[in-house]
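# What the coordinates show
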Amino acid sequence: MKVQKTWCGSTWRNGFFSKSSGGFLAFVLALAAVSPCAYAEAGSKIDWNALELTTNQCDSLQTLDSEWKNIYSDLYPQIQSDRAKLRRLMNDPAADDQQVLALQSHLQQSEQRLRSEATRIFMLKKNYLSPEQKRRLYQMMEN
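This text gives an overview of the structure that appears in the document. Counting restarts for each chain: residues are numbered from 1 in the order of the written sequence. Per-residue local features are limited, in this predicted model, to residues with pLDDT of at least 70; the limit for side-chain atom pairs, both in listing and counting, is 80 or more; totals at the level of whole chains, interfaces and linings are taken over all residues. Computation of side-chain values covers all heavy atoms of the structure but excludes hydrogens and water.

## Considering the nonpolar core
Let me state the cut-off plainly: As used here, the term nonpolar core means buried Ala, Val, Leu, Ile, Met, Phe, Trp, Tyr and Cys residues forming a set that is joined through side-chain atoms within 4.5 Å. Accessible area is worked out with a 1.4 Å probe on protein chains only. A residue is then buried under 20% of its type maximum, exposed over 50%, and partly exposed in between. Secondary structure elements are defined from DSSP: runs of H or I of at least 4 residues count as helices, runs of E of at least 2 residues count as strands, and each element is numbered from the N terminus.
Ranked by size, the top nonpolar core spans 27 residues in total, and within it Trp48, Leu51, Leu53, Trp68, Leu114 and Leu137 carry the most contacts. A total of 11 residues in this core trace back to one element, the largest contributor, which is helix 2 (residues 55–90).

Written out as structure tokens, the structure is:
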């Protein structure tokens, strides 16, 4: 059975948040797409250029992008490292069960923090948009 989650009017299927797939990274990048005034993020449904942002909006969104880049560069390398460590432990017959469970819990918390930060940055970006720009943004996300 597929579980569906609704976010900003779009349906996101189970697995989109999968820790082992590229879906997790796609989710994060789609929410906080980099450099909205310079180009449309590759692989993202959001084409910030199509929203015809003002200079002030661009400046504000670029400030948020800088914040996102700092958050991402702090969290994602550790997530990758923890994933690799967890895979090794899961394949080690002598691995301590408590160590595996503790690492899995830590990894889930880190991933949740990254998703939460991506959502927070996206919501802040959305606050800078006009009602018409928000409408067009939602249309992009639905397609």
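Continuing now.
## A closer look at the environment of Gln78
Position of Gln78 relative to the elements: it lies in helix 2. C-alpha of Gln78 to C-alpha of Glu111: the two residues are 33 residues apart in sequence and 9.9 Å apart in space.

## Points about helix 2
Worth spelling out the cut-off: Multiplying 1.5 Å by the residue count of a helix minus one yields the expected span of that helix. The reported bend at a residue is simply the angle between two axes, fitted to the 7 residues ending at it and to the 7 residues beginning with it.
Over its 36 residues, helix 2 extends 50 Å from the first C-alpha to the last, a length consistent with the 52 Å expected when each residue adds 1.5 Å. Most pronounced at Tyr72, the bend in helix 2 amounts to some 25 degrees.

## Quick look at the packing of aromatic side chains
As a reminder of what qualifies: Between the rings of Phe, Tyr and Trp (Trp by its six-membered ring), a pair exists once the centres lie within 6.5 Å; its type follows the angle of the planes, with under 30 degrees stacked, over 60 edge-to-face, and the other angles tilted.
Under the definition given, this model contains 2 aromatic pairs. Ring centres 5.6 Å apart and planes at 45 degrees place the aromatic pair Trp68 and Tyr72 in the tilted group. Within this pair, Trp68 and its partner Tyr72 are both found in helix 2, separated by 4 residues, close to a single helical turn. A relative accessible area of 1% places Trp68 in the buried class.

## Some words on the environment of Tyr128
The criterion, for reference: In this description, contact between two residues means that some pair of their heavy atoms is separated by no more than 4.5 Å.
Examined against the element boundaries, Tyr128 turns out to sit in the loop between helix 3 (97–127) and helix 4 (131–142). Each C-alpha atom of the pair Tyr128 and Ser60 lies 7.6 Å from the other, and the pair is 68 residues apart in sequence. Among residues more than four places away in sequence, those in contact with Tyr128 are Gln57, Ser60, Leu61, Leu64 and Gln133.

## Considerations on the packing of helix 2 against helix 3
Note the following rule: Lines fitted to C-alpha atoms define the axes, with helix axes restricted to the stretch in contact, and inter-axis angles between N-to-C directions lie between 0 and 180 degrees. Any angle that falls under 35 degrees is termed roughly parallel, while one over 145 is termed roughly antiparallel, one within 65 to 115 roughly perpendicular, and all others oblique. Take the far helix as the reference: if the near one is turned anticlockwise from it by less than a right angle, the crossing is left-handed, and if turned clockwise, right-handed. Note on residue classes: Ala, Val, Leu, Ile, Met, Phe, Trp, Tyr, Cys and Pro are nonpolar, Asp, Glu, Lys and Arg are charged, and everything else, Gly too, is polar.
In contact at an axis separation of 9 Å, helix 2 and helix 3 are set at 160 degrees when each is read in the N-to-C sense. Here helix 2 is positioned roughly antiparallel relative to helix 3, judged by the angle of their axes. Handedness of the helix 2/helix 3 crossing: left-handed. When grouped by side-chain class, the residues that make up the contact of helix 2 with helix 3 number 18 nonpolar, 4 polar and 10 charged.

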